[in-house]
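Take a look at the letters that make up each chain.
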Amino acid sequence: MTSAHPLAIERHQLDNGLRVVLQPDSELPLVAINLWYHVGSKNESPSKTGFAHLFEHMLFQGSQHVGTNDHFAHIQNVGGTANGSTSRDRTNYYETLPSNHLELGLWLESDRMGFLLPAMTSEKLENQRQVVMNERRQRVDNQPYGLAHERLWELLFPGDHPYHWPIIGYMEDIEAATLEEVHHFFKRWYRPNNAVLTLAGDFEPATALELVQRYFADIHSAELHHAELHSALLPAPSQPAPDASNRTDAKIGEQGSRRIVLEDDIHLPRVYLAFHVPAYGDAEWYVADLLTTVLGDGKSSPLYDQLVQQRQIAQSASAWIHETERSSVVMISATGRPGVEGEALEAALREQLERLAGEPPAQADMDRALNRTRTRAYSDLQSLGRRAYTTYFDRPELLGHEVERYLEIGAEELCQCAARLLADERQVVVIVIPKQSSHQPSSERPQ
Amino acid sequence: MADVLRNPAFPESELERLKSNMVRDVTIALSQPQPIAQQRLASEIYGDHPYGRLFPTPEMIQTYTVEKIRAFYHANFGAQRTHIYVVGKFDAAAVEEAIRESFADWTTGAEPISRPPETSSARKVHLIDRPGAQQSTVRIAIPTIDPSHPDFTALQVANAILGGSLTSRITTNIREDKGYTYSPGSGITQRYRTGLWTMSADITTNVTGPAIQEIFKEIDLLRNEAPAEDELRSVQNFLAGIFVLRNSTPPGIIGQLARIELHDLPADYLSSYVDQIYAVTPERIREVTAKYLRTDEMTLVVAGDRATITEQLAEFGEIVD
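Draft legend 1. How the structure looks around the environment of Glu218(B). Residue and element names in this part refer to chain B. Locating Glu 218 in the fold gives a position in helix H9 (residues 208-224). Each C-alpha atom, one on Glu 218 and one on Ile 61, is 43 Å from the other, the two residues being 157 residues apart in sequence. Apart from residues no more than four positions distant in its own chain, Glu 218 is found in contact with Leu 162, Arg 169, Ile 170 and Asn 173.

Draft legend 2. Geometry of the nonpolar core. Among the nonpolar cores identified, the biggest contains 74 residues, and Leu18(A), Tyr190(A) and Leu199(A) are the most heavily contacted of them. Both domains that furnish three or more residues to this core are identified here as domain 1 (10-226) and domain 2 (244-434) of chain A. Excluding residues within four positions of it along the chain, Tyr190(A) makes contact with Tyr37(A), Val39(A), Phe55(A), Leu59(A), Thr91(A), Tyr93(A), Met113(A) and Phe185(A). Grouped together as the second largest cluster of nonpolar side chains are 51 residues, Leu127(B), Tyr269(B), Ile285(B) and Val288(B) included.

Draft legend 3. Representation of the domain arrangement of chain B within the structure. Residue and element names in this part refer to chain B. Parsing chain B into structural domains produces domain 1 (2-31 + 50-103) and domain 2 (124-320). Taking only C-alpha atoms into account, the centre of domain 1 sits 32 Å from that of domain 2. Each partner contributes to the interface: domain 1 provides five residues, whereas domain 2 provides ten residues. Summed over both sides, the interface of domain 1 with domain 2 buries roughly 730 Å², with 71% coming from carbon and sulfur. For the domain 1 face of the interface with domain 2, the top three residues by lost area are Tyr 51, Tyr 85 and Val 87, together amounting to 81%. Here domain 1 and domain 2 share zero salt bridges between them. On the surface where domain 1 and domain 2 come into contact, there are one residue pair in polar contact (both at pLDDT 80 or more).

Draft legend 4. Examining the interface of chain A and chain B more closely. At the junction of the two partners, chain A supplies 45 residues and chain B supplies 47 residues. With both sides pooled, the region where chain A packs onto chain B buries about 3800 Å², and carbon together with sulfur makes up 49% of that total. The largest per-residue losses of area from chain A upon contact with chain B belong to Gln76(A), Asn142(A) and Gln315(A), which jointly make up 17% of the total buried on that side. Taken together, the connections running from chain A to chain B amount to one salt bridge. Our count for the contact surface shared by chain A and chain B stands at 25 residue pairs in polar contact (both at pLDDT 80 or more). If you list the elements that add at least two residues to the side of chain A that touches chain B, you get helix H2 (70-77), strand S4 (81-86), helix H4 (122-141), helix H11 (302-310), strand S9 (314-321) and strand S10 (328-336) of chain A. The biggest single contributor to the side of chain A that touches chain B is H4(A), with ten residues. Grouping the constituent residues of the side of chain A that touches chain B by class yields 14 nonpolar, 24 polar and seven charged.

Draft legend 5. Quick peek at the domain arrangement of chain A. All names here are of chain A. According to the domain assignment, chain A consists of domain 1 (10-226) and domain 2 (244-434). Relative placement of domain 1 and domain 2: their C-alpha centres are 29 Å apart. A combined buried area of about 3200 Å² lies between domain 1 and domain 2, and 67% of that area is made up of carbon and sulfur atoms. Summed over the three residues of domain 1 that lose the most area to domain 2, namely Tyr 145, Leu 155 and Leu 156, the buried surface amounts to 24% of that side. Counting every contact that joins domain 1 to domain 2 gives one salt bridge. For Glu 325, the salt bridge goes to Lys 42, with nearest N and O atoms at 2.8 Å. At the junction of domain 1 and domain 2, the tally comes to nine residue pairs in polar contact (both at pLDDT 80 or more). Secondary-structure elements contributing two or more residues to the side of domain 1 that touches domain 2 are strand S2 (19-24), strand S3 (30-37), helix H5 (148-156) and strand S6 (195-201). Here the side of domain 1 that touches domain 2 takes seven residues from H5, the largest share from any one element.

Draft legend 6. Looking closely at the packing of H4(A) against helix H8 (residues 169-177) of chain B. Two elements in contact, H4(A) and H8(B), have axes whose closest approach is 8 Å; the angle formed by their N-to-C orientations is 100°. The angle between the axes of H4(A) and H8(B) places the two elements in the roughly perpendicular class. Counting all contacts with H4(A), which are made through Asn127(A), Gln128(A) and Val131(A), the residues of H8(B) involved are Arg175(B), Glu176(B) and Asp177(B). Looking at the contact of H4(A) with H8(B) residue by residue, the class counts come to one nonpolar, two polar and three charged.

Each value, and the rule that gives it
Residues numbered from 1 in each chain as written. Chains lettered and ligands numbered in written order. Predicted model: local features only at pLDDT ≥ 70, side-chain atom pairs only at ≥ 80, totals over all residues. Heavy atoms only, no water. Helix = DSSP H or I, 4+ residues; strand = E, 2+ residues; numbered from the N terminus. Contact = heavy atoms within 4.5 Å. Core = buried A, V, L, I, M, F, W, Y, C linked by side-chain atoms within 4.5 Å. Buried < 20%, exposed > 50% of the residue type's maximum accessible area, 1.4 Å probe, protein only. Domains from an automatic or database assignment. Buried area = accessible area lost by both parts, 1.4 Å probe. Salt bridge = Lys/Arg side-chain N within 4 Å of Asp/Glu carboxyl O. Polar contact = N/O pair within 3.5 Å; in protein donor to acceptor, adjacent residues only side chain to side chain. Nonpolar A, V, L, I, M, F, W, Y, C, P; charged D, E, K, R; others polar. Axes fitted to C-alpha atoms, helices over the stretch in contact; angles between N-to-C directions. Parallel < 35°, antiparallel > 145°, perpendicular 65-115°, else oblique.

Spelled out as structure tokens, the structure:
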């Protein structure tokens with residue numbers, strides 16, 4: 001263990017607006033780099049879905065000083081790993097390297113932030129379009145239950161809300177993306193003042209900051225357009241809404257219960273219930289998260305115990321929450337045994353929710369959930385890559401401390417939260433049943 | 001933990017539920033194209049050996065009783081066959097004492113058994129029809145050596161050049177150049193005294209044939225021509241780096257220790273591995289690829305839309321249902 005606190009962090013900001021988080025820990029000769037851009041599928045237009053993710057693929061196609069397939073080659077050449085990911089709210093690019101190659105990682109990231117466009121060609125776009133269409137086939141269209149999530153978000157959020165469409169996008173939109181849009185998207189969102197750079201691992205903070213200055217300080221900032229998002233109801237990203245009644249999700253939640261039944265190439269029915277809850281970071285988000293742990297995490301949870309063990313109507317049952325920025329979602333799901341109707345599964349899930357809403361969970365259940373939350377938090381800290389990840393929404397100080405937000409939540413609070421947020425008039429339901437005819441599930445945009 | 005291992009209850013009351021859950025877990029897995037292809041591949045390569053059965057049949061599960069489970073447990077679990085690994089920050093003396101206290105008088109149990117499988121592979125295409133599927137789930141495989149073999153490290157490096165990394169030749173060709181697939185990759189499954197080299201990809205239905213052609217083209221190229229020094233060096237750096245990353249967490253270290261034990265690797269394996277990686281020469285890569293990745297003996301499994309792909313597959317060998 002080093003003399004400094006192993007999770008000590010330093011925060012800096014360059015003149016061009018780039019935020020920098022340093023988390024030095026010299027226990028292992030490794031460094032993890034994570035560059036976050038505050039742009040995701042929510043910044044797309046409803047008629048051009050999937051673009052943020054397709055764009056993420058384009059960022060691995062080289063930049064002015066990095067050859068077409070050389071990004072991974074440079075990383076592998078020094079024994080590192082790298083990848084990227086796109087969510088509704090953000091896109092991140094990350095690498096873990098031997099610590100003496102920190103500079104290489106910074107150079108690669110700065111080259112694509114500063115010098116991407118000269119390297120973008122229509123051939124590269126065409127190629128990545130094909131790769132992404134295959135990714136969609138593999139993950140969604142050719143996977144059992146693959147379309148259920150897409151339908152859930154479509155039902156949860158109205159057509160013009162930025163969380164309505166899938167992150168990977170609809171096939172027809174992926175097919176229609178143009179090189180001009182690549183240029184436009186880059187200039188608009190991939191600027192230093194819309195990014196956070198985090199380093200975790202074996203480095204001297206002063207030296208690392210100097211390197212960051214050297215590679216990133218000259219990259220120009222740009223005027224950002226978060227305010228232009230078509231959902232004018234939403235709070236600005238850095239300003240949490242003062243109370244729940246002003247939040248978009250509260251209004252959306254009032255749309256009432258909606259449901260669809262989906263046929264798929266499967267043997268066992270599956271039911272999803274989804275609910276609007278406050279955004280990630282909100283005190284109530286943590287209550288809702290703990291609630292999903294109490295309800296459905298592990299084999300001693302009520303969902304598993306009641307539906308799988310006692311009544312034996314389900315094969316599996318679980319509950320989870322999404323870490324979304326503007327309005328979050330709790331999902332609860334059960335896969336039925338053969339012959340069990342979707343509606344019966346739904347009723348059984350509902351029954352567990354009513355129970356939780358009517359009576360605070362036993363202290364033993366609370367303790368179990370808190371212990372699981374703690375274990376999850378601590379095992380995340382074992383990995384430098386995970387630590388570099390934890391700058392989500394510009395709150396790096398949560399590193400190692402986020403778990404404290406759960407410790408003060410009481411059983412009564414949990415019960416009230418269930419009653420308020422998981423009421424049946426607020427729920428969205430997707431039931432997937434074995435298909436009757438032989439047609440494939442459709443990935444067409446819903447009408 | 002000691003109590004669970006030494007005195008497992010195996011309650012009768014849980015059995016029916018666990019059995020029916022198991023049946024349905026298998027059902028769910030076998031509605032996905034990847035497990036379907038994987039199961040077929042295992043049974044073609046390993047036949048009746050347990051390695052050939054990835055999933056039990058519902059009939060097998062129905063025959064399991066608490067008596068059978070107890071008998072199996074007592075015949076197979078005991079001190080002689082058990083290793084305890086503890087990795088992390090702890091007081092070694094205290095942990096050792098605790099382990100001794102809990103396990104020292106545990107029954108010795110049966111000796112480890114060794115029953116490596118007999119493998120077989122022939123150039124045929126095993127086709128599983130998934131009408132209307134938008135992608136073909138493809139496996140191309142050949143049984144090969146295991147980590148205890150002196151050629152294994154060289155074969156691992158050859159695999160990384162061919163399909164075992166994001167910059168590998170096959171990935172560059174069928175993903176980055178042609179866009180036929182999203183996540184192609186090859187690897188060597190390491191089992192006791194046997195290995196299985198497998199190339200996996202989910203390929204757009206209408207280019208299934210051309211993509212498989214490119215895969216074979218890349219394997220044959222490496223069988224015939226040694227790679228450039230630069231290409232080899234880059235892959236060696238990658239493998240050495242991944243090795244360090246893999247050993248940077250407690251579960252990673254436990255995995256390595258268990259692997260050494262399973263394959264009877266030398267005690268200095270962890271400290272000499274990086275040197276062994278760098279000792280591989282370009283000519284050696286060509287040699288092991290030619291020796292072990294014999295394209296004319298590879299088994300192909302394809303789960304996809306028969307109506308569209310049968311014709312595309314004809315050139316790769318006899319098509320078997």
